[in-house]
Amino acid sequence: FHSSLRLDCGHIGLNIIRMYVFDQAGNYDYCEVTIEVQDPNKVCPNSLTIQGKLTTVSNKALSNVEVQLQRNNPSSSTLAYTDANGIYAFNTVSSNIHYLVKPVKNQDFVNGVSGQDIVMIQRHNLGQENLNSAYRTIAADANNNGFVTAADITEIRKLILGVISKYQNNNSWRFVPMAHQFADPNKPASYPETIGFNPISKNEMNTNFYAIKIGDVSGDASVNGSTSSA
């Protein structure tokens, strides 16, 4: 914990900060507040830039997706949002600081999820037609246990029928760095979902992620809206 917090040019933008309150017995609680740091007088020196894009494997751009830039010393999280081309940018990044980039999109779970996806998973499990793609396998693993099984079909079917409104142990979208190489595309049990710079020392203009809609094995989800299930 810090009794005070110093924000610098590397914090320009929206920053999510935890504020703690303690009582005399040592009990505590916290809330998250958002602090916006501005530079209206342009006093900050030239800074580094972290820029990237979010697209599906089929190159569909995701707009208005939250991207977090997390840093330590002090701990904070600055937010940016992708534009119509799926591009986001942090233009006031301080050098020699440890940063972590993390995209987040966790709503509209049923978007793109349909009976066709269930059929594709069934055929995969029966050995009739392999998914043959790490990204499809990640999409099929609805219960997020690292395997594609009948349990995933059950989870997806419940979502389509409205029995559940979201997955019990998974997000709506997952993001994998484009540069990541899977050792076994058919068994992507673990994979990175952030890109880190430890520390950053130059402009990073290719901090790109593939976006994967969980449950949408066929890849027909609307990237910026909803599609009906059937």
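Refer to the structure presented above.
The sections below set out a description of the structure shown in this document. (Residues numbered from 1 in each chain as written. Predicted model: local features only at pLDDT ≥ 70, side-chain atom pairs only at ≥ 80, totals over all residues. Heavy atoms only, no water.)

### Here's the deal with the sheet that holds strand E3 (residues 48–55)
Applicable threshold: Should DSSP find at least two bridges between two strands, the strands are regarded as paired. For helices the rule is a DSSP run of H or I covering at least 4 residues; for strands it is a run of E covering at least 2, with both sets numbered from the N terminus onward. Lines fitted to C-alpha atoms define the axes here, with helix axes fitted over just the stretch in contact, and angles between the N-to-C directions of these axes take values from 0 to 180 degrees.
As summarised here, the arrangement of the four strands in space is E6-E3-E10-E8, forming an open sheet in which the pairing is mixed. Among the strands making up the open sheet, the edge pair consists of strand E6 (87–93) and strand E8 (173–177). Sheet twist, expressed as the average angle between the axes of neighbouring strands with direction ignored, equals 25°. Here E8 runs beside strand E10 (residues 209–213); their pairing, made up of five bridges, is antiparallel.

### Thoughts on the sheet that holds strand E1 (residues 13–22)
Strand order in the open sheet formed by six strands is E2-E1-E5-E4-E7-E9, with antiparallel pairing between adjacent strands. The strands lining the two open edges of the sheet, one partner per strand, are strand E2 (28–37) and strand E9 (195–197). Adjacent strand axes in the sheet meet at a mean angle of 25°, parallel and antiparallel pairs treated alike. Pairing analysis gives six bridges linking strand E4 (residues 66–71) to strand E7 (residues 99–104), with the strands arranged antiparallel. The residue bridging Gln70 from the neighbouring strand is Leu100, located in E7.

### A word on helix H1 (residues 115–125)
Under the convention used in this document: Relative accessible area decides the class of each residue, using a 1.4 Å probe on protein chains only: under 20% of the type maximum gives buried, over 50% gives exposed, and in between gives partly exposed. The arc refers to the directions leading from the helix axis to the C-beta atoms. Contacts were defined at the residue level, with two residues in contact if any of their heavy atoms lie within 4.5 Å.
Listing the buried residues of H1 in full gives Asp117, Ile118, Met120, Ile121 and His124. Axial view of H1: buried residues confined to an arc of 160°, hence all on one face. Structurally, H1 contributes buried residues whose contacts are with helix H2 (134–140) and helix H3 (150–161). Within two residues after H1, Gly127 carries a phi angle of roughly 75°, on the positive side.

### Comments concerning the nonpolar core
Filter applied, for reference: We define a nonpolar core as any set of buried Ala, Val, Leu, Ile, Met, Phe, Trp, Tyr and Cys residues linked to one another through side-chain atoms lying within 4.5 Å.
Counting residues in hydrophobic clusters, the biggest one holds 24 residues, and the most contacted among them are Ile121, Ile138, Ile156, Tyr167, Phe182, Ile212 and Val217. The set of elements that each furnish at least two residues to this core consists of H1, H2 and H3. Top element by residues in this core is H2. It accounts for five residues. If you look at the next biggest cluster of nonpolar residues, it comprises 22 residues, including Val67, Leu69, Tyr88 and Ile195.

### A look at the pattern of salt bridges
Stated formally: Here, a salt bridge means any side-chain nitrogen of Lys or Arg that lies within 4 Å of a carboxyl oxygen of Asp or Glu.
Inspection of the entire model under this criterion finds four salt bridges. Close ionic contact of Arg18 with Glu32 constitutes a salt bridge, the shortest N to O distance being 3.6 Å. Here Arg18, found in strand E1, pairs with Glu32, found in strand E2; they are 14 residues apart in sequence, far enough to count as distant. A salt bridge links Glu129 to Arg123, with the shortest nitrogen-to-oxygen separation between them at 3.2 Å. Take Arg123: its relative accessible area is 32%, and that puts it in the partly exposed class.

### Looking at the packing of H1 against H3
Short version of the rule: Note that the term roughly parallel is reserved for angles under 35 degrees, roughly antiparallel for angles over 145, roughly perpendicular for angles of 65 to 115, and oblique for everything else. Classes in brief: Ala, Val, Leu, Ile, Met, Phe, Trp, Tyr, Cys and Pro nonpolar; Asp, Glu, Lys and Arg charged; the others, Gly included, polar.
The geometry of H1 relative to H3 is characterised by a closest axis approach of 10 Å and an angle of 175° between their N-to-C directions. Classified by the angle their axes make, H1 and H3 are roughly antiparallel. On the side of H1, the interface is formed by Gly115, Ile118, Ile121, Gln122 and Asn125, while H3 contributes Ala150, Ile153, Ile156, Arg157 and Ile160. Grouping the constituent residues of the contact of H1 with H3 by class yields six nonpolar, three polar and one charged.

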